[in-house]
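Geometric and topological summary
One-letter residues, chain by chain:
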Amino acid sequence: YLFQGSSIKFILEHENGYLIVTRDNRCIITNTSFEEKYIWPDLDIANLSKGISLNSNEYLFSDESNSLLLINKNGQIKSHINNSLEIPGSTLKEIVQEASGNIWILQDKSITRIEYPSSIGIISTLPNSFGNIRDIKSFNNKIYFATTRGLFYLDNQDDKIFKTPITDFCYRIIPTF
């Protein structure tokens, strides 16, 4: 078996196959039958924790120290954003890309928007009254985020955060579309 002894962390689409990231940080490119084509060079970073395919040529990964890595389809690091998203006591939870291309980084206590392919901008560091962020979803030009103190949304047109009538602990947002 291709992955004997290697535990899979996550799988992303890659050209005519898949990019498989293992728990020991190996990045394996396969065909659609999961037959190994080649392995990316060692990325020489802390453990990869999250990843998304931005387009057919680039991936965005995070590591356990909340750094972001922009990597091309050949496994070469194009950009390493080191500790730029670090907020004390806040852990990176999720990376989401909208249909428009913007990337949202969800942390326990903040939301960061990356206008892809441009620079990073921190949209909001939430006050403690919002609680800790648990989940994020994009819908109808709004970014919804579930927190330990309710459901909120960011209106992209106004760049303001609004509270919904849901004020109890929200663990996950389930899309209905």
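Scroll up for the structure.
Below is a short write-up of the structure. Note on numbering: residues in each chain are counted from 1, in written sequence order. Under the rules for a predicted model, residues below a pLDDT of 70 receive no local features and side-chain atom pairs below 80 are neither given nor counted, while totals for whole chains, interfaces and linings still include all residues. As a rule here, side-chain values come from all non-hydrogen atoms in the structure, and water together with hydrogens is ignored.

**As for the nonpolar core**
Operational definition: The nonpolar core is taken to be a set of buried Ala, Val, Leu, Ile, Met, Phe, Trp, Tyr and Cys residues, with the residues joined through side-chain atoms within 4.5 Å. A simple rule labels every residue: compare its accessible area, found with a 1.4 Å probe on the protein chains alone, to the largest value its type can have, and call it buried under 20%, exposed over 50%, or partly exposed in between. Strands are runs of DSSP state E lasting at least two residues, helices are runs of H or I lasting at least four, and both sets are numbered from the N terminus onward.
If you look at the biggest cluster of nonpolar residues, it comprises 13 residues, and the most contacted ones within it are Leu19, Val21, Cys27, Trp40, Leu48 and Phe61. At the level of secondary structure, the elements contributing two or more residues to this core comprise strand S1 (8-14), strand S2 (17-22), strand S3 (27-31), strand S6 (58-63) and strand S7 (68-72). Membership of the second largest hydrophobic core comes to eleven residues, among which are Leu60, Leu70, Leu92 and Ile103.

**A few points about the sheet that holds S1**
What counts is decided by this rule: Only strands that DSSP links by at least two bridges are regarded as paired with each other. Think of each axis as a best-fit line through the C-alpha atoms, taken over the contacting stretch in the case of a helix, with angles from 0 to 180 degrees between the N-to-C directions.
With antiparallel pairing, four strands are arranged side by side in an open sheet as S1-S2-S3-S4. The open sheet has two edge strands, S1 and strand S4 (36-39), and neither has a second partner. Sheet twist, expressed as the average angle between the axes of neighbouring strands with direction ignored, equals 25°. Both S1 and S2 contribute to a ladder of six bridges, which runs antiparallel. Looking at S2, one finds that His14 is bridged to Gly17.

**Thoughts on the sheet that holds S6**
Strand order across the open sheet formed by four strands is S5-S6-S7-S8, with antiparallel pairing between neighbours. Lying at the two open borders of the sheet, with one neighbouring strand each, are strand S5 (48-53) and strand S8 (77-81). The sheet shows a mean angle of 20° between the axes of neighbouring strands, direction not considered. As judged from the five bridges shared by S6 and S7, these two strands associate in the antiparallel manner. Bridge pairing in S7 places Glu58 opposite Asn72.

**Things to note about the pattern of salt bridges**
Put simply, the test is: Within this document, salt bridges are pairs made up of a side-chain nitrogen of Lys or Arg and a carboxyl oxygen of Asp or Glu, the two lying within 4 Å of each other.
Counted under the stated rule, the structure contains four salt bridges. Residues Lys78 and Glu58 are paired through a salt bridge, measuring 2.4 Å at the closest nitrogen-oxygen approach. Here Lys78 is found in strand S8, whereas its partner Glu58 is found in strand S6, with 20 residues between them in sequence. The exposure class of Glu58 is buried, given its relative accessible area of 10%. Close ionic contact of Asp135 with Lys137 constitutes a salt bridge, the shortest N to O distance being 3.4 Å. Beyond isolated ion pairs, a larger network of salt bridges with shared partners links Asp135, Lys137 and Arg172.

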